[in-house]
Structures are given as C-alpha cells and as structure tokens.
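Chain by chain, the residues run as shown.
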Amino acid sequence: MPLPVLKNLNSNAAAAVTPKVTIWNGDAGDGSYTNNDNYTNDAPAEGSTVYVVNSSEDITTNLNQSSVSLKEYRIGPTYRGSVGTPKAPLKIQAERLVIDTKAAQVNIQGPFREIHIRRGSGRIKVGGGTANKLERVVVHGYTNQIDISTGQCNKLIVGRGQSNIVAATGITNDNPLAQVAGFDEIRCGSGSKVLTSSGVNELYADGKVEIDTGNIFNARLTEDGTLTTKTTGRIDGRLTMYGGVLDIRNPDTGNTFTIDAADLYGGEINTRHGDQRPTFSANASILGTVIFNLRNGTEVDIA
C-alpha cells in the first residue's frame, strides 16, 4: 500500500538557502573587499565560500568585515597580490581559512575555526579571536614564515619542513582541563621551528621549540627534538625524552628549574647557557644514556 504524500501548506516556511561561491578578481581596481564588481558572483555574503585566485589585484580597503560569517576563505597558489596591508589586516569570520600561495602577502585576522597553511611566502600573519573557537592551526610542511597574533588557538600543528612559526603572548585555549595558560597542544615536525611567547599544555617536539615566556605541562622530545626554555620555571607534568635536547636558558631568579616527573630514554639536558639548575622532584626514571651538559659548579637533584 503506497504511503500518503504530505504537502507543506505553510506559506511562511523558510526556503533552503544554498551558500554561494564567489571568486575575487579585483576587476574594479579599487581594492575593495565589499565591491560587487571585484567578484565573479558579487561580494561575500553570509555562509559564502570565497576563492582568491588567478589575480594580482590587492585587497586593501573596506577590510573590517568580521560581522559576516563565511564558510571558507581560500587563497590559492595563482594569487599574487596582497590581502590586507602590513599595518591593517583583513578582518573576517570563517569556519575555515586556507592559505596556499608563496606569491602573496597575507595579513588576516579571524575568528576562524581552522587555519590551514599549505604554502606561505614568509609574509603571512594570521590571528584567531575570542568570539569564535580557533580549534587548530595546521602548517603543512614546506617553507613557511608565519606570525600568530594574540587570541584563542587550541592546537598548533606544524609539519616537517623548514617552517618558522612565531606566536605572540596572550594565546589562550578553551580546554577546561588545561593546566597552564597558552596553547592546549603544540606539535612541531622535524626541520621546523616554533617560537612561542605563550605556554603549552601538551608539547610534542620532533623539531625545535622555544618557549620565550609561559609555562609547560607535559613535554615529549624525539631524537631530533629540541626544547629551549627562557623564562618558565618548571615542567609541571611529565618530561619524556627519547633523545633530543632540553636546553634550559633561564636567567637566575633564585629558583631551580623543576621537572615534576620524567622518563628519560636518551638525549641531553643542557644548562650551560642559563643560570638555573634542574631539579627532578619525583618519579624520575633514567632508562637509557642521558648526557647532562651542565654549567660549571651546577648540581642536579634527582629524586
């Protein structure tokens, strides 16, 4: 027996909205983000996907557009202009930001949910915001020079390559179980480098990570990993070293550099360039060959 067909007789029912796709071409020549004539399908509207490709026209005026929420904003490899100016970022809101160009200058600020950087020119500045959750920034290898401005960023994931990432002070995360302020997680691939002025809860270093200011909770180093600390006073959780170097360069504050717990399978702990001596407060396990490269007269306390 066939089922009856039900008709919606409610004339007030909202029609389905199909998010539009529009492409920046800059044909108007005025650099305006909001000028319909600069796009193939008018200026971005709520829910739009925007492609910036096949053009060298700059986007430099009407830059504060954070009230419009986009689905995706993608800068492709065939774009050769500037998005934003060195002093004024393009401010937008999007679920995803993708930067895939080595030929463009990009200064852009969210909030975003995700940022993916596939290729960068060495002139990329990105930022999150407190109005929306920036879950992660993913740098997909290659050679990238990226500045991350103040705002929320839960995870920073940097692939193998020669990327250089600089993160400002004031990075936050929204993990209610986080133990320290700063990133919830940083992963740095071999050959890449992260310099952060904010702390980190979970650190995985296969490349070089430098903590300029901020605290560390858990840190894991591989054979190629280097962790350099400059102002943090302790590793509050657990240090796990399968190799690599822990380089403690903290100035003398009258305190020791305390490592709460450690599993040391190998690697080097270096204090020759700092004034604090390391102390292992509890549950330190030396499970392989570990080199202690200490400043003259320095003692190490291992519980």
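Predicted, not measured: the structure shown is a model, and the values here were computed from it.

### Comments concerning the overall build of the protein chain
At step 1: Helix and strand counts for the protein chain stand at 0 helices and 24 strands.
At step 2: Expressed as a percentage of its 303 residues, the buried residues of the protein chain come to 47%.
At step 3: Per element, the accessible surface of the protein chain, about 14,300 Å² overall, is 46% carbon and sulfur.

### So, unusual backbone geometry
At step 1: Backbone geometry places aspartate 42, a non-glycine residue, at a positive phi of 70°.
At step 2: As for its placement among the helices and strands, aspartate 42 is situated in the loop between strand S1 (21–24) and strand S2 (49–52).
At step 3: Assessed through its relative accessible area of 39%, aspartate 42 is described here as partly exposed.

### A closer look at the pattern of salt bridges
At step 1: Taken as a whole and assessed by the stated rule, the structure comprises 11 salt bridges.
At step 2: The salt bridge involving arginine 96 is made with glutamate 114; its shortest N-O contact spans 3.6 Å. You can see arginine 96 sitting in strand S5 (residues 90–100) and its partner glutamate 114 sitting in strand S7 (residues 112–119), a full 18 residues away along the chain.
At step 3: Assessed through its relative accessible area of 18%, glutamate 114 is described here as buried.
At step 4: One network of salt bridges, in which partners are shared, links Arg96, Glu114 and Arg136.

### Regarding the confidence of the model for the protein chain
At step 1: With 88% of its residues at a pLDDT of 70 or more, the protein chain has an overall mean of 86.
At step 2: Across the protein chain, element-level confidence peaks in S2 with a mean pLDDT of 98 and bottoms out in strand S24 (residues 301–302) with 64.

### Considering the environment of alanine 94
At step 1: Structurally, the position occupied by alanine 94 is in strand S5.
At step 2: A relative accessible area of 1% places alanine 94 in the buried class.
At step 3: For the pair alanine 94 and glycine 110, spaced 16 residues apart in sequence, the C-alpha to C-alpha distance is 7.1 Å.
At step 4: What alanine 94 contacts, discounting residues up to four positions off in sequence, is Leu70, Pro111, Phe112 and Arg113.

### What to know about the pairing of S2
Regular strands show a simple pattern: their side chains alternate between the two faces of the sheet.
At step 1: Taken together, the 4 bridges between S1 and S2 define a ladder with parallel strand orientation. The partner of threonine 22 across the bridge, within S2, is valine 50.
At step 2: Examined bridge by bridge, S2 and strand S3 (residues 64–75) share 4 bridges and lie parallel to one another. Along S3, the bridge assignment pairs threonine 49 with glutamate 72.

### Brief notes about the environment of glutamate 114
At step 1: It is 6.3 Å that separates the C-alpha atoms of glutamate 114 and leucine 97, two residues lying 17 residues apart in sequence.
At step 2: Setting aside its immediate chain neighbours within four residues, glutamate 114 contacts Glu95, Arg96, Leu97, Leu134 and Arg136.

### Concerning the side chain of serine 55
At step 1: Its place among the elements puts serine 55 in the loop between S2 and S3.
At step 2: On the basis of relative accessible area, serine 55 is assigned to the buried category, the value being 5%.
At step 3: At 3.4 Å, the side chain of serine 55 and the backbone oxygen of asparagine 25 are in polar contact.
At step 4: Engagement of the side chain of serine 55 in a polar contact is seen with the backbone nitrogen of glutamate 57, the distance being 3.0 Å.
At step 5: Leave out the neighbours within four places in its chain, and serine 55 touches Trp24, Asn25, Thr78, Tyr79, Arg80 and Gly81.

### Here we look at a nonpolar patch on the surface
At step 1: Residues Tyr242, Tyr265 and Leu287 make up a contiguous nonpolar surface patch of roughly 330 Å² in combined accessible area.
At step 2: Classification of tyrosine 242 by relative accessible area gives partly exposed; the value is 48%.

### Remarks on the packing of aromatic side chains
At step 1: Within the structure shown, the criterion is met by 4 aromatic pairs.
At step 2: Judged by centre distance (6.3 Å) and plane angle (80°), the ring pair of tyrosine 33 and tyrosine 39 falls under edge-to-face.
At step 3: For tyrosine 33, a relative accessible area of 4% corresponds to the buried category.
At step 4: Ring centres of tyrosine 242 and tyrosine 265 lie 5.0 Å apart, and the angle between their planes is 15°; this geometry places the pair in the stacked category. Of this pair, tyrosine 242 sits in strand S19 (residues 234–248) while tyrosine 265 sits in strand S20 (residues 257–270), and the two are 23 residues apart along the sequence.
At step 5: Three or more aromatic residues link up through ring pairs in this structure, and these residues are Trp24, Tyr33, Tyr39 and Tyr73.
At step 6: Over the aromatic face of tyrosine 204 sits the side chain of arginine 187, whose NZ or CZ is 4.0 Å from the ring centroid.

Calculation rules
- Residues numbered from 1 in each chain as written.
- Predicted model: local features only at pLDDT ≥ 70, side-chain atom pairs only at ≥ 80, totals over all residues.
- Heavy atoms only, no water.
- Helix = DSSP H or I, 4+ residues; strand = E, 2+ residues; numbered from the N terminus.
- Buried < 20%, exposed > 50% of the residue type's maximum accessible area, 1.4 Å probe, protein only.
- Areas by Shrake-Rupley, 256 points an atom, 1.4 Å probe, with all protein chains shown as cover.
- Salt bridge = Lys/Arg side-chain N within 4 Å of Asp/Glu carboxyl O.
- pLDDT = per-residue confidence, 0-100.
- Contact = heavy atoms within 4.5 Å.
- Pairing = 2+ DSSP bridges.
- Polar contact = N/O pair within 3.5 Å; in protein donor to acceptor, adjacent residues only side chain to side chain.
- Patch = residues over 30% accessible without salt bridge, like charges linked within 9 Å, V, L, I, M, F, W, Y side chains within 5 Å.
- Phe/Tyr/Trp six-rings, centres within 6.5 Å; stacked < 30°, edge-to-face > 60°.
- Lys NZ or Arg CZ within 6 Å of the ring centre and 35° of its normal.

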